[in-house]
Amino acid sequence: MSGAAHAGDSYLTHGRGLRSWLLTVDHKRIGVMYLGVIVGTLILGGVFALALRLHLWNAGGGLVSNDTYNRLFTLHGAVMVFLFVIPGIPSALGNFVLPLQVGAKDVAFPRVNLLSFYLYLAGAVLFLVTLVVGGLDTGWTLYPPYSLEGARGLGILIALVGVFLAGFSSILTGVNFIATIHKLRAPGMGWFDLPLFLWALYATAIIQILATPVLGITAALGFMERLFHLGLFMPEYGGDPVLFQHFFWFYSHPAVYIMILPAMGIVSEVVSVFSRKPIFGYRFIAMSSLAIAVIGFLVWGHHMFVSGQSQWANLVFSFLTLLVAIPSAIKTFNWLATMYKGAIILKTPMVYVLTFFAIFGVGGLTGLFLGILATDIPLHDTYFVVAHFHFVMVGAVMIAFLAGVHYWWPKMTGRLYDERLGVTSAVLVFLGFNLTFIPQFIVGIAGMPRRYATYAVEFQGQNRLSTVGAFVLTAGLVLALWGLLASLGKAGARAPRNPWGAASLEWQAESPPSHHNFEVPPDGVSPYDYTTLKELPGDQGWVVVGKREVA
């Protein structure tokens, strides 16, 4: 049945007017609102990045002053990390998809879900406020003693409150997701019948609940240290700035997995659907998500190899850092095994995922250099770290985010986007991203320090390539946004209930879903059993033609 038949009864039209959106407790609308704000933060962080790259076109800079450069790269990092990469997939796509995939009407605590959105929004607004009170020039890690000196002004205080609110939002989202998966699964849906995207969100939620409070407490302590000079982090008052680094990285390294685990969940869904094969090694992928979440709590010290911690601590953290590569490799092996002898369909989500493999592979392997003491120390403060960080945290996560948005867009909007625009955008994003960051590996190995507003003239060629790449990447992102938004107009064909031939429960709902998600509460089904699905001619999508295996 096409979405047209239910166009008047979708969640998009259930209640009209701005108030019906601002006060909604519908997880789908909240997910869409998250998506809008998160795309806005991506644009804001991207504008900062383009300004930085234009400044670095010449070795001596020249576009902005050195102080302004420091403010730009601080806000670029803070906005991208705290407002886009960390909440992007869980809050936007997770909110929309999770209840549908478990066959529920909503999340366990709908009002808490709305509160979580407004806490995130308040945090985002506070980061914007820092722009008008002089900005931040501390770097996104906000390290004291520099960040807590009186000369930093109001900007650092506002930013710390923004981090605190965004962190609280993340905790509430994690609580909601865990409660929903535990209590609201469809009848007959066991733990090993969950789609792998939900296993990824579950592991992510564990990290959000256990690690994020440490960030919130650290932000609160930093706030009080700045105002009341308690002697926590500032040496002049008897504090220890390395203590801040321990607290910060105890959260911020697990936060890496808050970013990448949901991305891996999207990859698991897309690889299976567009290879027309059940996922290979389901239980290994599910358990590897939990393994990454657990090991991720034990590796924060590798960010502090040069901070003065003991050699034995460095040795232990180096070993644990290399250990976390094992579950990541398990996932990668199983994704490739799923594709082996599969009937691969090169639709836009799958093209994005194929580029994910290349970028995540480079990002993961270059991480080994930074986990090993002998190579981390000479590379630590160079552009090699910048390139590695962006390959994993921006490239892999952002590309998986784009794959997920394109994958679930027909379900969210009831519209099909132009495949040519989607594939072209994926190719441009891949080419632009590599052109931007591969030269940064090269100059990093050659010794170019990170965070500097000027650099030696011998690095100018690679920096100009990097700037050109940033604009190609931007063109790809703009094209992706244009293709999606254009589908909402007359050019976008109506989406059928199941355009991709996927087997998980969200594809049993209409496109877009009704306010209650399902006309009849569904039973659990095997999420990767494609044997009972048949493709109809034209754009009618896929339908179930036989009795589905009940989970």
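Check the entry above for the structure.
Residues numbered from 1 in each chain as written. Predicted model: local features only at pLDDT ≥ 70, side-chain atom pairs only at ≥ 80, totals over all residues. Heavy atoms only, no water.

A.B. asks: Got a minute to help me understand the overall build of the protein chain in this structure?
C.D. replies: On a plain count of helices and strands, the protein chain comes out with 15 helices and four strands. Considered along the principal axes of its C-alpha atoms, the protein chain spans approximately 70 × 45 × 45 Å. Relative to its 551 residues, the protein chain shows a buried fraction of 58%. Partitioning the contacts of the protein chain with sequence separation of at least 6, the portion at a separation of at least 24 is 80%. Summed over its atoms, the accessible surface of the protein chain is roughly 21,000 Å², and 70% of this surface lies on carbon and sulfur atoms. Both charge centroids of the protein chain, one from 30 positive and one from 24 negative side chains, sit 7 Å from each other. (Helix = DSSP H or I, 4+ residues; strand = E, 2+ residues; numbered from the N terminus. Buried < 20%, exposed > 50% of the residue type's maximum accessible area, 1.4 Å probe, protein only. Contact = heavy atoms within 4.5 Å. Areas by Shrake-Rupley, 256 points an atom, 1.4 Å probe, with all protein chains shown as cover. Lys, Arg positive; Asp, Glu negative; His and termini not counted. Charge placed at Lys NZ, Arg CZ, Asp CG, Glu CD.)

A.B. asks: So what exactly am I meant to see when it comes to the packing of aromatic side chains here?
C.D. replies: To describe a pair of aromatic rings, one takes the distance between the centres and the angle between the planes. For the coordinates displayed, the defined rule picks out 43 aromatic pairs. Seen from their ring centres, Phe117 and Tyr118 are 5.1 Å apart, and the 70 degrees between their planes marks the pair as edge-to-face. Here Phe117 falls in the buried class, since its relative accessible area comes to 4%. Three or more aromatic residues joined by ring pairs make a cluster, and in this case those are Phe82, Phe127, Trp140, Tyr143, Phe233, Phe244, Phe247, Phe248, Trp249 and Phe389. The ring of Trp542 carries Arg276 above its face, with NZ or CZ at 4.3 Å from the centroid. (Phe/Tyr/Trp six-rings, centres within 6.5 Å; stacked < 30°, edge-to-face > 60°. Lys NZ or Arg CZ within 6 Å of the ring centre and 35° of its normal.)

A.B. asks: Please clarify how the packing of helix α14 (residues 419–445) against helix α15 (residues 460–486) should be interpreted in this entry.
C.D. replies: The relative placement of two packed helices comes down to the angle between their axes together with the axis-to-axis distance. At a closest axis distance of 7 Å, the pairing of α14 and α15 adopts a crossing angle of 160 degrees. By the criterion of interaxial angle, the relationship of α14 to α15 is roughly antiparallel. Handedness of the crossing formed by α14 with α15: left-handed. (Axes fitted to C-alpha atoms, helices over the stretch in contact; angles between N-to-C directions. Parallel < 35°, antiparallel > 145°, perpendicular 65-115°, else oblique. Left-handed = near helix turned anticlockwise from the far one by under 90°.)

A.B. asks: Honestly, the environment of Ala502 in this entry has me stumped. Any pointers?
C.D. replies: Inspection of the secondary structure assignment puts Ala502 in the loop between β2 (493–494) and β3 (533–535). On the basis of relative accessibility, which here comes to 3%, the residue Ala502 falls in the buried class. In this structure, the C-alpha to C-alpha distance between Ala502 and Leu402, residues 100 residues apart in sequence, is 18 Å. Not counting chain neighbours up to four residues away, the residues in contact with Ala502 comprise Val273, Tyr407, Trp507, Tyr530 and Leu533.

A.B. asks: What should I look at first to understand the nonpolar core in this one?
C.D. replies: As a rule of thumb, soluble globular proteins bury nonpolar side chains together. By size, the foremost hydrophobic cluster in this structure holds 162 residues, and its most contacted members are Phe82, Ile260, Phe356, Tyr407 and Trp408. Sequence-distant contacts of Phe356, that is, excluding residues within four places in its chain, are made with Ile260, Val267, Trp335, Gly361, Ala396, Ile399 and Ala400. (Core = buried A, V, L, I, M, F, W, Y, C linked by side-chain atoms within 4.5 Å.)

A.B. asks: Looking at this structure, I do not really get unusual backbone geometry. What am I missing?
C.D. replies: Comment: phi is negative for the bulk of residues other than glycine, and the bulk of peptide bonds are trans. At the junction of Pro144 and Pro145, the peptide bond is cis and its omega measures out at 10 degrees in the coordinates. Position of Pro145 among the secondary structure elements: in the loop between α4 (110–132) and α5 (154–183). Omega for the peptide link from Ser511 to Pro512 comes to -5 degrees, which places this bond in the cis form. Locating Pro512 in the fold gives a position in the loop between β2 and β3. In this model, Lys341 sits at a positive phi of 60 degrees, which is unusual for a non-glycine residue. Turning to its location among the elements, Lys341 is positioned in the loop between α10 (325–339) and α11 (348–371). In this structure, Arg451 takes a positive phi of about 75 degrees despite not being glycine. As for its position among the elements, Arg451 is in the loop between α14 and α15.

A.B. asks: Even after reading the chapter, I still don't get helix α7 (residues 241–275), so can you show me in this structure?
C.D. replies: Each turn of an α-helix holds 3.6 residues, which means side chains three or four residues apart point in the same direction. Compared with the 51 Å implied by 1.5 Å per residue over 35 residues, the 50 Å span of α7 between its first and last C-alpha is a close match. Among the 35 residues of α7, 30 are classified as buried, and the element is accordingly described as predominantly covered. Of the residues that open α7, the one with a side-chain oxygen 2.9 Å from the backbone nitrogen of Val242 is Asp240. The positive-phi residue at the C-terminal boundary of α7 is Arg276, with phi of around 55 degrees. (Expected span 1.5 Å × (residues − 1). Polar contact = N/O pair within 3.5 Å; in protein donor to acceptor, adjacent residues only side chain to side chain.)

A.B. asks: I would appreciate a short explanation of α5 in the present structure.
C.D. replies: Given a rise of 1.5 Å per residue, 30 residues ought to cover 44 Å, and the 44 Å separating the end C-alpha atoms of α5 matches this to within 8%. By the criterion of burial, α5 is predominantly enclosed, with 23 of the 30 residues buried.

A.B. asks: I tried to follow the environment of Leu165 on my own but got confused; where do I start?
C.D. replies: Here Leu165 lies in helix α5. The sequence separation of Leu165 and Gly216 amounts to 51 residues, and the corresponding C-alpha distance is 8.0 Å.

A.B. asks: Please explain the packing of helix α9 (residues 311–323) against α10 as it appears in this structure.
C.D. replies: Two elements in contact, α9 and α10, have axes separated by 5 Å at closest approach and are oriented at 10 degrees. Comparing the axis directions of α9 and α10 gives the class roughly parallel. Residues Thr321, Leu322 and Leu323 of α9 form the contact with α10, whose participating residues are Ala325, Ile326 and Pro327. Looking at side-chain class alone, the contact of α9 with α10 contains five nonpolar, one polar and no charged residues. (Nonpolar A, V, L, I, M, F, W, Y, C, P; charged D, E, K, R; others polar.)

A.B. asks: How do you make sense of a nonpolar patch on the surface when you look at a structure like this?
C.D. replies: On the surface, a cluster of nonpolar side chains totalling about 420 Å² of accessible area is made up of Ile43, Val47, Leu481, Leu485 and Leu488. We classify Ile43 as partly exposed; its relative accessible area is 47%. (Patch = residues over 30% accessible without salt bridge, like charges linked within 9 Å, V, L, I, M, F, W, Y side chains within 5 Å. Salt bridge = Lys/Arg side-chain N within 4 Å of Asp/Glu carboxyl O.)

A.B. asks: So what exactly am I meant to see when it comes to the pattern of salt bridges here?
C.D. replies: Close approach of charged atoms allows side chains of opposite charge to pair. Applying the stated criterion to the full structure yields four salt bridges. Between Arg420 and Asp418 there is a salt bridge, and its shortest N-O distance comes to 3.5 Å. Judged by its relative accessible area of 30%, Asp418 falls in the partly exposed class.

Limitation: the analysis is restricted to geometry and does not speak to function.
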